[in-house]
Amino acid sequence: MGFKRPRGAVGAWDGLSRLTMRALVLLAALVAAAAGTETFVGHQVLRIVPTNDEELQKVQELQDLEELQLDFWLAPRGPGHPVDVRVPFPSLQPLKAHLEANGISYSIMIEDVQALVDDEQMEMLRGRRQLPLSTNTFDYATYHSLDEIYTFMDLLVAENPNLVSKLEIGRSTENRPLYVLKFSKGGRNRPAIWIDTGIHSREWVTQASGVWFAKKIVLDHENDNSLASILDKMDIFLEIVTNPDGFAFTQTQNRMWRKTRSRHSGSSCIGVDPNRNWDAGFGGPGASGNPCSETYHGPYANSEPEVKAIVDFVKNHGNIKAFVSIHSYSQLLLYPYGYTSTPAPDQKELHQISGKAVAALSSLYGTNYKYGSIITTIYQASGGTIDWTYDQGIKYSFTFELRDTGRYGFLLPAKQIVPTAQETWLALKVIMLHARDHLY
């Protein structure tokens, strides 16, 4: 016999669960306030679309107005390309007035940033009620803390000692370990594939996808012929939390933190953009010399231990054949170069692989991706990861920008984690198979 609820209990039950939810939100808010966490109440994300060079110039000038405290989620690219900006509440009216006065059109992408942050927090609090005892019970469809991800890694290694090992390749500025998972069937210094996620700490769907990839490799390494054939010839290295200091900071202090957490003399501003810190056109256009900028390139190339650790690892290994660095958002697959308009010598091959990878990705859910070189597809950017790896001789160097195209931006709802990871995995397999078949 089924359990019968007394009449009127449904409403009471709904009311109770709503109360519980409200209590959780309130609790999260109190915890945040007590911890001095940055809140985004009343902040909006505006999408500005400059239609000509003059309007573009006006939008670019906004980047220098530090008093407005604007946070550019999508930087100015060119006429017709959207610019997404998180605008603090006190700056909303002045900015909107300025845009209207100059005839520049804009729309509101996110009405209230804090509401999305609250939703995300709720989701995480709900998921924390039971700690996973194995990677089979781990919840891949929610966002996790740094400690939870590190626990996941240890579980995965313990469950699969013949395939997975954990390497510590260095320490972060704040002395956190920089862990890389190695998937290998044995052999010494075999040709390898490198994948990193979370180099920009606020791009949470990337670290979450990295966790999913790790489990996927373990699940499929025997029953998926294509993956088995990759692992027969090659090792896979996966750094899930490439910027652990920044990631911890997004979880405890400021959800929108992008950079590392290093300090530099002569400025009270903290952090370096780890995707402008590599020794490839370092300090050139598309990176900032201002320590307060989100794209600050740092005092010198490889100044950030998080970057230097990868540089040293790549050089010492000497046999990495494919290197993929994963970001969000925009739905793009990019290859070198970003720092120069000179086409990469392998441009034709890289463009073909990208086309195949994007077709595979889109085949699952119809997600639409664009692809091309960094400088022709988005903008000039110097000191980027894959320009350096390509110049080191790693021919198959790519970067992804995962979902979405701006509806949620960096605050992608947790229910999109698994679909995002699933479709991206199909594209990664195309790149890995190509590398396997074209070892050089």
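Everything below is about the structure printed above this text.
As the structure is a computational prediction, the values presented were derived from the model and not from experiment.

I'm lost on the sheet that holds strand β10 (residues 332-335) in this one. Help?
In a beta sheet, neighbouring strands are held together by backbone hydrogen bonds and run either parallel or antiparallel to one another. As summarised here, the arrangement of the eight strands in space is β5-β6-β8-β7-β9-β12-β10-β11, forming an open sheet in which the pairing is mixed. Only two strands of the sheet have a single partner each, and these edge strands are β5 (164-171) and β11 (370-373). Direction aside, the axes of adjacent strands within the sheet are offset by 20 degrees on average. Bridge count for β10 against strand β12 (residues 396-402) is three bridges, and the pairing is antiparallel. Paired with L334 across the two strands is T399, which belongs to β12. Packing against the sheet, helix α5 (residues 146-159) makes contact with β5 and β6 (177-183), and its axis sits at approximately 30 degrees to β6.

It is not clear to me how the side chain of D387 should be interpreted in this structure. Could you clarify?
Its place among the elements puts D387 in helix α12 (residues 385-391). Buried and unpaired, D387 has R276 as its nearest opposite-charge partner, separated by 9.2 Å. Looking at D387, its side chain comes within polar contact range of the main-chain nitrogen of G338, at 2.7 Å. With near-sequence residues (within four places) excluded, D387 lies in contact with A280, P336, Y337, G338, Y339, I374 and A381.

What exactly am I supposed to notice about the environment of E203 here?
Among the structural elements, E203 can be located in the loop between β7 (192-197) and α6 (204-220). The class for E203 is buried, based on a relative accessible area of 3%. Measuring from C-alpha to C-alpha, the distance between E203 and P305 comes to 20 Å, with 102 residues separating the pair along the chain.

Mind showing me how you'd approach the packing of aromatic side chains here?
For any pair of aromatic rings, the description rests on two quantities: the centre-to-centre distance and the angle between the ring planes. All chains considered together, the criterion is met by 19 aromatic pairs. Members of the aromatic cluster, each reached through a chain of ring pairs, are W194, F237, F313 and F323. Stacked on the ring of Y179, the Lys or Arg K166 has its end atom at 3.8 Å from the ring centre.

I would appreciate a short explanation of the state of the cysteines in the present structure.
Working definition of a disulfide: a covalent bond connecting the sulfur atoms of two cysteines. Counting across every chain of the model gives one disulfide. Between the sulfur atoms of C269 and its disulfide mate C292 the distance is 2.1 Å. Here C269 and C292 share a disulfide; its torsion about the S-S bond, 90 degrees, makes the bridge right-handed. Taken together, the residues span a long stretch of sequence, with C269 in the loop between α8 (244-252) and α9 (305-317) and C292 in the loop between α8 and α9 at a distance of 23 residues.

The rules behind the values
Residues numbered from 1 in each chain as written. Predicted model: local features only at pLDDT ≥ 70, side-chain atom pairs only at ≥ 80, totals over all residues. Heavy atoms only, no water. Pairing = 2+ DSSP bridges. Helix = DSSP H or I, 4+ residues; strand = E, 2+ residues; numbered from the N terminus. Axes fitted to C-alpha atoms, helices over the stretch in contact; angles between N-to-C directions. Contact = heavy atoms within 4.5 Å. Buried < 20%, exposed > 50% of the residue type's maximum accessible area, 1.4 Å probe, protein only. Lys, Arg positive; Asp, Glu negative; His and termini not counted. Salt bridge = Lys/Arg side-chain N within 4 Å of Asp/Glu carboxyl O. Polar contact = N/O pair within 3.5 Å; in protein donor to acceptor, adjacent residues only side chain to side chain. Phe/Tyr/Trp six-rings, centres within 6.5 Å; stacked < 30°, edge-to-face > 60°. Lys NZ or Arg CZ within 6 Å of the ring centre and 35° of its normal. Disulfide = S-S within 2.5 Å.

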